[in-house]
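# Summary of structural features
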Amino acid sequence: MDSSPYLLGVESQVLKLIEESKSDSADLQRCATGSGIPEAKENSAATLSSLAKIEENRVQIGESGAIGPLVELLANGTPRGKEDAVTALYNLSKCRANMVRIAQSGAVAHLVGLIDHAAAGLVDKAVTILANLATTSEGRIAIGQDGVSALVDVVELGSSRGKENAAAALLQLCRSSSKYCRVVLQQGGVPSLVALSRCGTPRAKEKASSLLNYFQKQREAYAGNKAELHDPMCFVG
């Protein structure tokens, strides 16, 4: 038997959750995405996605254990199943507690994989999820250097929305660790960031400019430290 939490048999429980939206009944659709029927998994993920549009449902859905089966559907589902799973995770990732759950679920590798192989709308949702996760330490660890490389590609080649969220994610990552700064620089990400700071959406311009300014300050600090090491006066007590 599949060991993942099941999401099936919940249409009635989901409706019950809506009717009793203030109650503690949060089993939701855990039974469905673990069943062997692709249509059942897809329908269940789509229902979860709709429910997760409502802010007060997001915590209960996350606590129900639904994220694991959604990630499994993202990894192994049909094209429609993957789309439903990404949309559900996109809505769930607007809740901070779920950001941590998603980061720890193994979803990031599959989200990064979508960037090179999915339609633009799906890529945009995947990048938005990564941008949300990048606001948490767990998310930044999960994204790692491979995720940074993918985000640099989005800044260069993505849609306006994708570029905006990729720049936001990179800003969070680079501020957290110099190793991510090195990846961006090694990937040749600066020209794309410069272009985005001039021609992107207002938010994209802000994030790209902030990241470029951060790089500049880091470089100046490094140059200053290097100069001090070569200044004989710095060793005078």
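Residues numbered from 1 in each chain as written. Predicted model: local features only at pLDDT ≥ 70, side-chain atom pairs only at ≥ 80, totals over all residues. Heavy atoms only, no water.

### Observations concerning the pattern of salt bridges
Put simply, the test is: By definition, a salt bridge exists where a carboxyl oxygen of Asp or Glu is found within 4 Å of a side-chain nitrogen of Lys or Arg. Secondary structure is summarised from DSSP: a helix means a run of H or I of at least four residues, a strand means a run of E of at least two, and numbering begins at the N terminus for each. Relative accessibility thresholds used throughout: buried, under 20% of the residue-type maximum; exposed, over 50%; partly exposed, between the two (1.4 Å probe, protein chains only).
For the coordinates displayed, the defined rule picks out 3 salt bridges. A salt bridge links Arg80 to Glu42; the nearest nitrogen and oxygen atoms lie 3.2 Å apart. Of this pair, Arg80 sits in helix α5 (residues 79-92) while Glu42 sits in helix α2 (residues 38-52); the two residues are 38 residues apart in sequence, bridging distant segments of the chain. What makes Glu42 buried here is its relative accessible area of 7%. When the shortest N-O distance is used, the salt bridge between Arg80 and Asp84 registers 3.1 Å. Residue Arg80 and its partner Asp84 are located together in helix α5, separated by 4 residues, close to a single helical turn.

### Comments concerning the packing of helix α9 (residues 137-157) against helix α11 (residues 178-186)
Our working definition: Angular values range over 0 to 180 degrees, each being the angle between N-to-C directions of two axes fitted as lines to C-alpha atoms, with helices fitted over their stretch in contact. Throughout this description, any angle smaller than 35 degrees is read as roughly parallel, any larger than 145 degrees as roughly antiparallel, any in the 65 to 115 degree range as roughly perpendicular, and the remainder as oblique. Helix crossings are classified by the rotation of the near helix relative to the far one: an anticlockwise turn of less than a right angle makes the crossing left-handed, while a clockwise turn makes it right-handed. Whether two residues are in contact is decided by their heavy atoms, any of which lying within 4.5 Å being enough. Any residue that is not Ala, Val, Leu, Ile, Met, Phe, Trp, Tyr, Cys, Pro, Asp, Glu, Lys or Arg is counted as polar, Gly included; the first ten are nonpolar and the last four charged.
Relative to each other, α9 and α11 sit at 15 degrees, their axes nearing to 9 Å. By the angle class used here, α9 and α11 are roughly parallel. Along this stretch, α9 crosses α11, giving a crossing that reads as right-handed. In this structure, α9 uses Arg140, Ile141, Gly144, Gln145, Val148, Ser149 and Val152 to contact α11, whose residues at the interface are Lys179, Tyr180, Val183 and Val184. In terms of residue class, the contact of α9 with α11 is made up of 6 nonpolar, 3 polar and 2 charged.

### A look at the layout of surface pockets
The following threshold applies: Cavity and pocket criteria rest on a 1 Å grid covering protein atoms alone: a 1.4 Å probe that fits but cannot get out defines a cavity, protein on both sides within 12 Å along at least 5 of 7 lines defines an open pocket, and an atom within 4 Å of a point defines a lining residue. Grid points are joined across faces, edges and corners, and a volume is the space filled by probe spheres set on the points.
Taken as a whole, the largest pocket spans an internal volume of roughly 320 Å³. For the largest pocket, the full set of lining residues is Ser178, Cys181, Arg182, Leu185, Val190, Val194, Leu212, Phe215, Gln216, Gln218, Arg219 and Tyr222. Within the residue set of the lining of the largest pocket, elements represented by two or more residues are α11, α12 (190-199) and α13 (202-229). The element that contributes the greatest number of residues to the lining of the largest pocket is α13, accounting for 6 residues. Grouping the constituent residues of the lining of the largest pocket by class yields 7 nonpolar, 3 polar and 2 charged.

### Some remarks on the side chain of Ser49
With respect to the secondary-structure elements, Ser49 resides in helix α2. For Ser49, the contacting residues outside a window of four places in its chain are Asp84, Thr87, Ala88 and Asn91.

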